[in-house]
Amino acid sequence: MDSEIILLYLRPPSFYLCHCISGYHQSQSCCKESRMAANLAAGGAMGVPFNALYEAIKQVVVKTRMFKPLVEDLRSKINALKPLIDAMEICNIALGISEDELRDFKMQMEKGPKLILKCSNLSVWKTYKKYKYSNQLLELQNSLQNLLLVLSVQQARDGKVNLVATRNIETVVQRVDVNVAALRQHQEMNVTNQLRSISSTAIQHIENQGQVQNRIDCEAPEPPRVTVGLEGPLMELKMKLLKNNNVSMVVLTAPGGSGKTTLATKFCQDEEVKDIFKNNIFFVTVSKKANFNLIVQGLHQRKGTEVPTFEEEATALKWLHKYLKEEGQTPVLLVLDDVWPESKSLLEIFDEVKGPNFKILVTSRSQFAGYGSLYTLKSLNEADAMTLFRNSASLGDGSSSVQWTKLITKIVERCKGHPLAIKVVGKSLRGQSFEFWRKREMEWSKGDSIIDSETEVLRSLQSSFDALDEKGAIIKECFLDLGSFPEDQRIPVAALIDMWAELHELDKDFLAVTHLQELTTRSLADLVTRKDAVEGDEYYNEHFVTQHDLLRELAIYQTKLDPNKQRLIIGNNGDDLPKCLREQTDRPIKPRLLSISSDGVFSTSLHNIELAEVEVLVLNFDTKDYAFPGFVEKMDNLKVLIVTNNGFLPAELSNFHLLDSLSNLKRIRLERVSIPSITKNPLQLKSLKKISLFMCSIGEAFNCSFRVSHAFPNLEEMHIDYCNDLVELPDELCNLVRLNKLSITHCPILSALPEKIGELENLEVLRLRSCTDLAELPSSTTNLKKLNFLDISYCLSIKELPKQIGEMSSLIRINMRECSRLKALPISICDLENNLEEVICDDETEELWEPFLPRLNKGVVRAVEEEFNLTWLQKF
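Residues numbered from 1 in each chain as written. Predicted model: local features only at pLDDT ≥ 70, side-chain atom pairs only at ≥ 80, totals over all residues. Heavy atoms only, no water.

K.L.:
Which parts of the structure should I look at to understand the sheet that holds strand E12 (residues 625–627)?
P.N.:
Strand-to-strand pairing in sheets goes through backbone hydrogen bonds, with the strands running parallel or antiparallel. One open sheet holds the three strands; their spatial order is E12-E14-E16, and the pairing between them is parallel. Two strands close off the open sheet at either side, each with one partner strand: E12 and strand E16 (673–674). As defined by bridge partners, strand E14 (residues 651–654) adjoins E16 across two bridges and the pair is classed as parallel. Residue Ala-651 lies in a different strand from E16, and its bridge partner there is Val-673. (Pairing = 2+ DSSP bridges. Helix = DSSP H or I, 4+ residues; strand = E, 2+ residues; numbered from the N terminus.)

Spelled out as structure tokens, the structure:
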């Protein structure tokens, strides 16, 4: 007996807890014991890899800078898990989960130390591996979080069992009190107190877990101590949501890291808002998996009522209706924070219960068209960006010298007004020397991106890109293509249409536009259009895309990660050459898209590129003269050529003869170039289907004896926009018998069309918009029997239409806004009554149609308000 008491005394206090629990479980059936045997073994074995991971994180957390936020999060998770794992290891406590789940947990932990070591040893130059390791760290973090959740849930589920076990502990404590007192009375209290502490802790933990189960916190969090640049947006948001009784839901949208949640919390803590809604302010973080029932339970909890369990969504919705009815005229504010497209159904439900006293503020990277009023949070201006940066970097008076000021300004400019980027960069430079700051700024100026050096910024933006699901695979590709165009330049939608028709088989123009609209709703791009654009016009030459520079850098970053190197983007002067061009390799890359930006002659060797595989070539430059590079003639498979001069005046473009060998070239787009050399050498592009000339000098070429039908014998589309020197079109153009679309817009001195234009027998669209000097349409225009759309809007000099216009039997749409000198319509217009579907006018031209209205279908003629301006055309 004495030896048994001594043995009992010498064992650690945790033994008694394990002994009692195991004693309780031994009273269960033999079948249950056999099922738990493997689980016990696996649970015990988990302690070995867990402890290895624990030590690895403890060693690395003070060393790594690149992954510091992620590693610190891991340390927090693993510190919470360690007491539970230790107890499980000592006592062989079984987990109520499957062997597969245990195996997955163990596998993650075994990989952990190696991953942590890789992260700590990662060179700052190998930035392309950062996102890969970041994702793996997040996966490990999620695994630990899930394990913690499993342990917590099981404790709540088996609370009664554990309480019985705890009572057994008390029995053992009493027995220990008696026996130990007889042997070592002076040490009895230590053992007893430790056992009672274990008992008390177990009971308290079980009670706490039971309380937090299935609850959601609806308390509005406090905004950060320092907020910058949100005063204006806060005022606008209050005006939109509080002052307008017709608005019950506002969707606050912007890219990740722009400050949406901060603005929402600031809104909730605003005195005016609190005075209106009082205690009826609810704040719920939704993320990707919405649970309407839990949200309603959270409302219950905040109101201090008993929290029910809703088995069905309909029951929760019924309670919400009841609650809002009981509140009556008392306003209620619900903030749904961080709503992702996967949770759109949540907005649909709340849209059913909207009312003047129930206001909903949604924050999201998506716009959710059709749900509420949209408010887009803009980037910070220069002054606010500087204030936020100085605060984040803890800059004092010592950094106010001229040198410091210049350096700070350069670094802040790199952040492009993005709040998260500003804060992360500021913190990373805090306390560093002037030389370190210069080194970092120099790296960025040479082509490195903030995304390359700051993982937190990358993760924030990357999540929006990753959210494009498998159905959005082409949309992902389209997003990456946007990186092919220079920083701070608007991207013509027409250029993207050409690219995507060949790269992604989007053979209808409107399909490309729908993809851009999707990117816009996801805050990955901005689609800019004219306010007076007509729906269904399919005229996209005045549509442009803009993009935050950090999003462009994200696209380029993703392009670098592509193992197949489908895109190759080469920047100015070769300063930021891709790795594949800096290294010698026997394996050439085969990009489908090649983008080159240069300030002059491009001299970089492309020895590693299989030029014959390139399908789209994008050339961006800023110089007076530009010659097609010699390697162009080797691009046997080239289908799309886009040439853009980003200077102010047209640059002379030469070496056109190099294109003569490109037998697969289908589309050419030239912007701000002069093309006199196109007439100097014979040129024939038999596969060319479409040519677009935007802001080009083409008068000299077209006024000479340029044989356009010989050069482009199979041309189907010709677009000429903003070409200020075009006086007339050559008669030879009428030999393009395959031409089905001729669009000439904003050519102010174009005075006449070819008399033989009626010979374009396959022409379906004739657009002559804003050709203000054009006096008339040739009489042969009426021979265009396949023409279905005629646009003469803003042709201020046209005085009459062809008398036999009624013979154009296929004509279904006419746009004739602002034809101010047109005073009458020919009587033959009556012959169009059977086919004419739409006539777009202004108030004055609408009056010209009044005599014909009885013979036309109702609603065919409609006036459109004038909102003409050129702000959309500015460079961004």
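K.L.:
Can you walk me through the environment of Glu-700 in this structure?
P.N.:
Summarising the element assignment, Glu-700 is placed in helix H27 (residues 699–703). Remark: the alpha-carbon pair of Glu-700 and Pro-676, spanning 24 residues in sequence, is separated by 6.1 Å. Apart from residues no more than four positions distant in its own chain, Glu-700 is found in contact with Pro-676 and Asp-725. (Contact = heavy atoms within 4.5 Å.)

K.L.:
Even after reading the chapter, I still don't get the pattern of salt bridges, so can you show me in this structure?
P.N.:
Two side chains bearing opposite charge may form a pair once their charged atoms approach each other closely. Tallied over the full model, the rule gives 24 salt bridges. A salt bridge links Glu-272 to Lys-238, with the nearest nitrogen and oxygen atoms 3.0 Å apart. Taken as a pair, Glu-272 in helix H12 (residues 271–277) and Lys-238 in helix H10 (residues 231–242) lie far apart in primary sequence, 34 residues in all. (Salt bridge = Lys/Arg side-chain N within 4 Å of Asp/Glu carboxyl O.)

K.L.:
I'm lost on the packing of helix H16 (residues 382–392) against helix H18 (residues 419–429) in this one. Help?
P.N.:
The axes of two packed helices give the description: the angle between them and the distance between them. Contact pair H16 / H18: the axes reach a minimum separation of 7 Å and the direction vectors enclose 35 degrees. For H16 against H18, the interelement crossing comes out right-handed. Between H16, through Ala-385, Leu-388, Phe-389 and Ser-392, and H18, the contact on the second element is made entirely by Pro-419, Ile-422, Lys-423, Val-425, Gly-426, Lys-427 and Leu-429. (Axes fitted to C-alpha atoms, helices over the stretch in contact; angles between N-to-C directions. Left-handed = near helix turned anticlockwise from the far one by under 90°.)

K.L.:
Looking at this structure, I do not really get the packing of aromatic side chains. What am I missing?
P.N.:
Each aromatic ring pair is summarised here by two numbers: the centre-to-centre distance and the angle between the ring planes. Tallied over the entire structure, the rule returns eleven aromatic pairs. With centroids separated by 5.8 Å and ring planes inclined at 80 degrees, the aromatic side chains of Phe-389 and Trp-437 adopt a geometry described as edge-to-face. Taken as a pair, Phe-389 in helix H16 and Trp-437 in helix H19 (residues 434–445) lie far apart in primary sequence, 48 residues in all. Here Phe-389 matches Trp-437 in class, with each residue buried. Residues Phe-544 and Phe-694 carry aromatic rings whose centres are separated by 6.3 Å and whose planes lie at 75 degrees to one another, so their mutual orientation is edge-to-face. Of this pair, Phe-544 sits in strand E8 (residues 544–546) while Phe-694 sits in strand E17 (residues 690–694), placing them 150 residues apart in sequence. An identical accessibility class is assigned to Phe-544 and Phe-694; each is buried. (Phe/Tyr/Trp six-rings, centres within 6.5 Å; stacked < 30°, edge-to-face > 60°. Buried < 20%, exposed > 50% of the residue type's maximum accessible area, 1.4 Å probe, protein only.)

K.L.:
What am I meant to see in a negative patch on the surface here?
P.N.:
There is a patch of like negative charges on the surface, built from Glu-728, Asp-731, Glu-755, Glu-776 and Glu-800. Within the fold, Asp-731 resides in the loop between strand E18 (717–721) and strand E19 (741–745). (Patch = residues over 30% accessible without salt bridge, like charges linked within 9 Å, V, L, I, M, F, W, Y side chains within 5 Å. Areas by Shrake-Rupley, 256 points an atom, 1.4 Å probe, with all protein chains shown as cover. Lys, Arg positive; Asp, Glu negative; His and termini not counted. Charge placed at Lys NZ, Arg CZ, Asp CG, Glu CD.)

K.L.:
Is there a simple way to think about the nonpolar core in this case?
P.N.:
One finds Leu-594, Ile-720 and Trp-849 to be the most contacted residues of the largest nonpolar core, which totals 94 residues. With three residues, the single largest contributor to this core is strand E11 (residues 616–621). Among all residues touching Trp-849, those that are not within four sequence positions of it are Ile-814, Met-816, Leu-825, Ile-829, Leu-836, Val-839, Cys-841, Leu-856 and Val-861. In terms of nonpolar packing, the next biggest core, distinct from the first, is built from 62 residues, Trp-437, Val-457, Ile-491 and Val-493 among them. (Core = buried A, V, L, I, M, F, W, Y, C linked by side-chain atoms within 4.5 Å.)

K.L.:
How should I be thinking about the pairing of strand E10 (residues 593–598) in this particular structure?
P.N.:
Looking down a regular strand, the side chains alternate between one sheet face and the other. The buried fraction of E10 is high, at six of six residues. Burial along E10 is two-sided: Leu-593, Ser-595 and Ser-597 and Leu-594, Ile-596 and Ser-598, pointing in opposite directions, are all buried. Judged from the four bridges that link them, strand E9 (residues 567–570) and E10 form a sheet pairing that is parallel. Bridging from a neighbouring strand, Ile-569 pairs with Ser-595 of E10.

K.L.:
It is not clear to me how the sheet that holds E8 should be interpreted in this structure. Could you clarify?
P.N.:
Reading across from one edge, E6-E8-E7 is the order of the three strands in this open sheet, with antiparallel pairing throughout. Edge positions in the sheet fall to strand E6 (491–492) and strand E7 (526–528), since each of these pairs with one other strand and no more. Pairing geometry for E7 and E8, over three bridges, is antiparallel. Within E8, the residue paired with Asp-526 across the bridge is Thr-546. Each of E7 and E8 touches helix H24 (residues 509–521); the most contacted strand, E7, lies at about 125 degrees to it.

The analysis is restricted to geometry; functional conclusions fall outside its scope.
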